[in-house]
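# Topology and contacts: notes
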Amino acid sequence: MTPSTAPGDAGDGLPAAAPSTGRPTPTSEECATVSAPPLAFGAGNPSADCIADSAGGLTFDLDVPGHSAADAAHWSAALVLRRRGADAVESPEEEVRLPLTPNGDGRLRAVLPSTVALPEGRWDVHVACGEAPAQRLVPGIADLRSLVDRRPGPSTSPLAVRIPYATKHGNLSLRSWLRGPHAEAGDLRVEAAGITGRGTLHRVENPQAWLDGAVLEARCRRAGELVRTVPVTAEGQDFSFTLPFAVLCEEWQGGPEVWDLWLRGGPEGAEEVRVARLLDDVADKKQIFTYPARDVAAPYAPAQVGPYYTVDNDLSVRIDERPPVGGR
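Here's what I pulled together on the structure shown here. (Residues numbered from 1 in each chain as written. Predicted model: local features only at pLDDT ≥ 70, side-chain atom pairs only at ≥ 80, totals over all residues. Heavy atoms only, no water.)

On to the overall build of the protein chain, then. Helix and strand counts for the protein chain stand at 2 helices and 22 strands. Considering the protein chain as a whole, with its 328 residues, one finds that 51% of them fall into the buried category. The long-range share in the protein chain, meaning contacts at least 24 apart out of those at least 6 apart in sequence, stands at 67%. Roughly 14,700 Å² of accessible area belongs to the protein chain as shown, and the carbon and sulfur atoms make up 52% of that amount. (Helix = DSSP H or I, 4+ residues; strand = E, 2+ residues; numbered from the N terminus. Buried < 20%, exposed > 50% of the residue type's maximum accessible area, 1.4 Å probe, protein only. Contact = heavy atoms within 4.5 Å. Areas by Shrake-Rupley, 256 points an atom, 1.4 Å probe, with all protein chains shown as cover.)

Moving on, we come to the sheet that holds strand E6 (residues 101-102). Within a sheet, neighbouring strands are paired by backbone hydrogen bonds and run either parallel or antiparallel to one another. Sheet architecture is open: 5 strands sit in the order E6-E7-E3-E2-E10, paired in mixed fashion. Bordering the open sheet on either side are E6 and strand E10 (138-143), each of which pairs with just one other strand. (Pairing = 2+ DSSP bridges.)

Ring pairs (aromatic) are described by centroid distance and by the angle formed between their planes. Overall, the coordinates contain 3 aromatic pairs when judged by the stated rule. Ring centres 5.7 Å apart and planes at 80° place the aromatic pair Trp252 and Tyr300 in the edge-to-face group. Note that Trp252 is positioned in the loop between helix H2 (245-249) and strand E18 (257-264) and Tyr300 in the loop between strand E20 (294-297) and strand E21 (302-309), a separation of 48 residues in sequence. Looking at Trp252, the relative accessible area reads 0%, which means it is buried. A centroid spacing of 6.2 Å and a plane angle of 75° characterise the contact between Phe289 and Tyr309, whose relative ring orientation is edge-to-face. Separated by 20 residues along the polypeptide, Phe289 in the loop between strand E19 (272-276) and E20 and Tyr309 in strand E21 bring together distant segments of the chain. (Phe/Tyr/Trp six-rings, centres within 6.5 Å; stacked < 30°, edge-to-face > 60°.)

On to the side chain of Arg83. With respect to the helices and strands, Arg83 occurs in strand E4 (residues 77-83). Classification of Arg83 by relative accessible area gives buried; the value is 11%. At 2.6 Å, the side chain of Arg83 forms a polar contact with the side chain of Glu94. One polar contact links the side chain of Arg83 to the main-chain carbonyl oxygen of Glu120, over a distance of 2.6 Å. (Polar contact = N/O pair within 3.5 Å; in protein donor to acceptor, adjacent residues only side chain to side chain.)

Now for the pattern of salt bridges. Counted under the stated rule, the structure contains 26 salt bridges. Put simply, Asp49 and Arg107 hold a salt bridge, and the shortest N to O gap is 2.8 Å. Here Arg107 lies in the loop between E6 and strand E7 (108-112) and Asp49 lies in strand E2 (residues 47-52), a separation of 58 residues in the sequence. Glu272 is the salt-bridge partner of Arg264, the closest N and O atoms lying 2.7 Å from each other. We classify Arg264 as partly exposed; its relative accessible area is 27%. (Salt bridge = Lys/Arg side-chain N within 4 Å of Asp/Glu carboxyl O.)

To continue, consider unusual backbone geometry. The omega angle of the peptide bond from Gly180 to Pro181 is 0°, so this bond is cis rather than trans. Tracing the backbone through its elements, the reader meets Pro181 in the loop between strand E12 (172-179) and strand E13 (182-190). The phi dihedral of Asp149 falls on the positive side, at around 55°, and the residue is not glycine. With respect to the element layout, Asp149 can be found in the loop between E10 and strand E11 (159-167). Residue Asp149 is classed as exposed on the basis of its relative accessible area of 69%. We note that Asn313 has phi near 65°; this positive angle belongs to a residue other than glycine. Considering the arrangement of structural elements, one finds Asn313 in the loop between E21 and strand E22 (315-321).

Taken as a whole, the largest pocket spans an internal volume of roughly 410 Å³. As for the largest pocket, its lining consists of 17 residues, of which Glu184, Ala185, Gly186, Thr200 and Arg277 are closest to the centre. Those elements that place two or more of their residues in the lining of the largest pocket are E13, strand E14 (194-202) and strand E17 (238-244). Partitioned by chemical class, the residues of the lining of the largest pocket number 4 nonpolar, 4 polar and 9 charged. (1 Å grid on protein atoms, 1.4 Å probe; cavity = no way out; pocket = protein on both sides within 12 Å on 5 of 7 lines; lining within 4 Å. Points joined across faces, edges and corners; volume = space filled by probe spheres on them. Nonpolar A, V, L, I, M, F, W, Y, C, P; charged D, E, K, R; others polar.)

By the bridge criterion, 4 bridges tie E20 to E21 in an arrangement that is antiparallel. Counterpart to Ala297 in the pairing with E21 is Pro302. Between E20 and the antiparallel strand that follows it, E21, lie 4 residues.

Spelled out as structure tokens, the structure:
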């Protein structure tokens, strides 16, 4: 699966990205970084503990009020994943049902293997018992240690990333990505003149050949045909780049403007890959990984420019007008 352009950042007042393959943008139930049961919300709902494995699979263990693990063989019990914003009747492919079975410790278990394709988006987690309506689950204990500093193997199959999180309403949801190839953003250094960044290319057969002659593309959301490129230095599957702020400000005409960062392969890899940071345990990096904006003497007016992660954890650069000195 070739990654698409990132959806616009809902609610941040920035220009929307170019149309993509239809992956949903987040709705009002946004992400909150919580790895323990919420105290204020969902007190009457069952909770589920999550364990992540390094391949992208998830295991859910839960108690269902009114039922024991021994009852599982006698009634229909399933963990139900529903893609945010999808209609389960009109789009049945947007619902995934995982059987619940006894886990041997008096609880029920459902397993989402990495081999089960889960399209990109936000998936709300429910439990369905018999004829009763499906009920939202709340987060229990989340063991996501295997996701920290995850380094996928040499496979060429799409990279599956699933991170459980608690929504602002205290419900359990998953953020899912499915990308191949994938350009994982690494360390970023924000200097006065621009950004110096590092990254790693995954899920291609020959990363060195793919990166031979590769360039970093900055694509302006305001004008879809406006693209700026800088060369990439590669070593094995790792790459680095330097993106000057001045080249992004040449045609800026004031107001907020966003440039999305892509990696385009050389002669041996003509694909284009969105640069993103996915391989850790943080579902929403926009509020966690923050970078300073630098002052730039742009031709139109004094500007402030800096990198940020979108609501889909893709890497972009924002330009805006520099606030007047002293607030005047």
